[in-house]
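# Survey of secondary and tertiary structure
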Amino acid sequence: MAVQVPKSGNGMDEMVSSCRERVSIHPKYLISEEERKSLHGVLTLANVTTIDFEELEGPFRMQVIEKLRQACKHDGYFEVTNHGVAEGLMEQMMRVAEEFFEMPIEDRAYLYSNDYKRRTRVSTSFNVGQEETLHWRDYLRHPCHPLEDHIDSWPTKPESYRRITAEYATAMRSLTMKLLEVISESLGLEKDHIANALGKQNQTLQINYYPPCPNPDLTLALGAHTDPNCLTVVQHDQVSGLQIMKDGSWFDVPALHGAFFVNIGDQLQVISNGEYKSLVHRAVTNSKRRRISIPSFYGPSLDALIQPAPLLAAANSRSALYCPFTYQQFLDHFYSQRLVTNTLERFEISASKGEE
Ligand SMILES: O=C(O)CCC(=O)C(=O)O
Ligand SMILES: [Fe+2]
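What counts as what
Residues numbered from 1 in each chain as written. Chains lettered and ligands numbered in written order. Predicted model: local features only at pLDDT ≥ 70, side-chain atom pairs only at ≥ 80, totals over all residues. Helix = DSSP H or I, 4+ residues; strand = E, 2+ residues; numbered from the N terminus. Rg over C-alpha atoms; globule rule 2.2 N^0.38 Å. Contact = placed C-beta atoms within 7 Å. Axes fitted to C-alpha atoms, helices over the stretch in contact; angles between N-to-C directions. Parallel < 35°, antiparallel > 145°, perpendicular 65-115°, else oblique. Nonpolar A, V, L, I, M, F, W, Y, C, P; charged D, E, K, R; others polar. Near = placed C-beta within 6 Å. Pairing = 2+ DSSP bridges. Expected span 1.5 Å × (residues − 1). Core = buried A, V, L, I, M, F, W, Y, C linked by C-beta atoms within 7 Å. Buried ≥ 20, exposed ≤ 12 C-beta atoms within 10 Å, placed from the backbone. pLDDT = per-residue confidence, 0-100.

## Structural notes on the overall build of the protein
Assigned secondary structure in the protein consists of 10 helices and 17 strands. On C-alpha atoms alone, the protein measures out to a radius of gyration of 20 Å, which is about the 21 Å that the 2.2 N^0.38 rule sets for 356 residues. For the C-alpha atoms alone, the extent of the protein along its principal axes is close to 65 × 45 × 40 Å. Taking the contacts inside the protein whose residues are at least 6 apart along the sequence as the reference set, 75% of them involve residues at least 24 apart.

## A closer look at the packing of helix 2 (residues 61–74) against helix 6 (residues 161–186)
At their nearest, the axes of helix 2 and helix 6 sit 9 Å apart, and the two run at 85° to each other. Classified by the angle between their axes, helix 2 and helix 6 sit roughly perpendicular to one another. Side by side, helix 2 and helix 6 meet where I65, L68, R69 and C72 of the first sit next to V182, I183, E185 and S186 of the second. Considering only residue class, the contact of helix 2 with helix 6 consists of 5 nonpolar, 1 polar and 2 charged.

## Quick look at the site of ligand 1
In the vicinity of ligand 1, the residues found are Q206, N208, L222, D227, L242, H281, A283, S293 and P295. Across the shell around ligand 1, the residue classes tally to 4 nonpolar, 4 polar and 1 charged.

## Section: the sheet that holds strand 11 (residues 242–246)
Spatial strand order, 3-12-11-14-9: 5 strands in an open sheet with mixed pairing. Looking at the sheet topology across the chains shown, the edges are occupied by strand 3 (43–44) and strand 9 (222–225).

## Side note on the sheet that holds strand 6 (residues 121–124)
In space, the 8 strands of this open sheet follow the order 4-5-13-10-15-8-7-6, with mixed pairing throughout. The open sheet terminates on both sides in strands that have one partner only, identified here as strand 4 (50–52) and strand 6. Here the average twist between neighbouring strands, direction ignored, is 25°. Pairing of strand 4 with strand 5 (residues 77–81), which is carried by 3 bridges, proceeds in the parallel orientation. Bridge pairing in strand 5 links I51 to V80. Packed onto the sheet, helix 2 meets strand 4, strand 5 and strand 13 (260–264) and runs at close to 150° relative to strand 4.

## Focus: helix 3 (residues 87–102)
Each α-helix winds once per 3.6 residues, and so residues spaced three or four apart point in a common direction. The end-to-end C-alpha distance of helix 3 is 23 Å, a good match for the 22 Å that 16 residues give at a rise of 1.5 Å each. Buried residues belonging to helix 3 abut helix 4 (106–109), strand 7 (138–143), helix 6, strand 8 (202–210), strand 10 (231–236) and strand 15 (291–299).

## A look at the nonpolar core
Note that soluble globular proteins tend to have their nonpolar side chains buried in a common cluster. If you look at the biggest cluster of nonpolar residues, it comprises 80 residues, and the most contacted ones within it are A97, I207, L231 and V262. Here I207 is in contact with A97, F100, Y139, L140, I292 and I294, once residues within four sequence places are set aside.

## With respect to unusual backbone geometry
The step from H145 to P146 runs through a cis peptide bond, and the omega angle for that step is -5°. Residue P158 follows K157 across a cis peptide bond; omega there is -5°. For P158, the location among the structural elements is in the loop between helix 5 (147–150) and helix 6. Here the phi dihedral of Q201 falls at roughly 70°; this positive angle occurs in a residue that is not glycine. As for its position among the elements, Q201 is in the loop between helix 7 (193–197) and strand 8. A positive phi angle, near 45°, is found at D247, a position not held by glycine. Within the element layout of this structure, D247 appears in the loop between strand 11 and strand 12 (249–252). Taking the number of C-beta atoms within 10 Å as the measure of exposure, D247 has 6 and is therefore exposed.

## Considerations on helix 6
The terminal C-alpha atoms of helix 6 lie 36 Å apart, and with 26 residues this matches the ideal 38 Å at 1.5 Å per residue to within 8%. Residues of helix 6 that are buried include every one of T165, Y168, A169, M172, R173, L175, T176, L179, L180, I183, S184 and S186, and no others. In the segment just after helix 6, G188 is the residue with positive phi, at about 80°.

## As for the confidence of the model for the protein
Residues of the protein with pLDDT of at least 70 account for 93%, and the chain-wide mean is 92. ipTM for the predicted complex: 0.99, alongside a pTM of 0.94.

## Describing the environment of Q206
Note on placement: Q206 falls in strand 8. For the pair formed by Q206 and L140, sequence separation is 66 residues and the distance between their alpha carbons is 5.5 Å. With near-sequence residues (within four places) excluded, Q206 lies in contact with Y139, L140, R141, I294, P295 and F297.

Here's what the structure looks like:
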């Protein structure tokens, strides 16, 4: 029986997708006692707020925006249906994502890098250099906008990858821009406030690939974290594995069909001056089926100066909770550590400072 041994090399040995047969895992994947306990007694979410995009065009627009506001304020996530991204395109994207991780490892290892500044890369876990415990995940990520600036850096195989992903990324960008508009409106801001606050903006597509794991009780597919970007719009396959933290407990998110799961990231928490909360979430492994998720991360360009919307930080009772920072400063901090849930603390204005 092969043993999965993480080494530092060209990725051929490090990636969890490199072993096709069931393997016993290296101790570097074993989570703490406390995390093991947290895998038990997980509840299933009874209902996830669904935002029907078509309804936003109709007579109930204001009610839908209010529903969205409640979900962003109290949950940090919602589902979106009738979103305008063709189901056939979603399926094609999922299929090519699977093909990418199931083709011979040599065909993707050339993209392997643990350097977060390399924007198109394949990697494993989260931030291999900084982590004591590794996550049972491989991933591909690359920027998508503007397409012509980035498409040449994307994988060359499978042969249909660039064509399908270009179409998918374009559709995801248009959905996300609409989402940012209604989220701005739900905060009482100008429609284009959030999009403008992100400077030249960044759209990154990621494919997470979680092979079956022989020890699901001892490992995590991806540890608890909040997303560093502004808004994440995820396509899931039919294998569940995403869990969210709500009122101090972990909940399974049921697999969705045809809908996208949307969650708030750290930058939206800042722009909304804490009104909307970045979602704490994680992914768990299973021993039977590989799982794939495809998040589209939407966030600021590196030079964008992020700060609470002046309108939301104006009232005395709600002065600015965060000091201004560039997204580059934020990301340098985010990647200087293992995956955590409190990256934003570094940028908080403490209660006493706020009163000065
Ligand atoms: O696989 C999932 O459902 C979660 C992925 C995730 O949280 C991430 O890539 O940031
Ligand atoms: Fe995430």
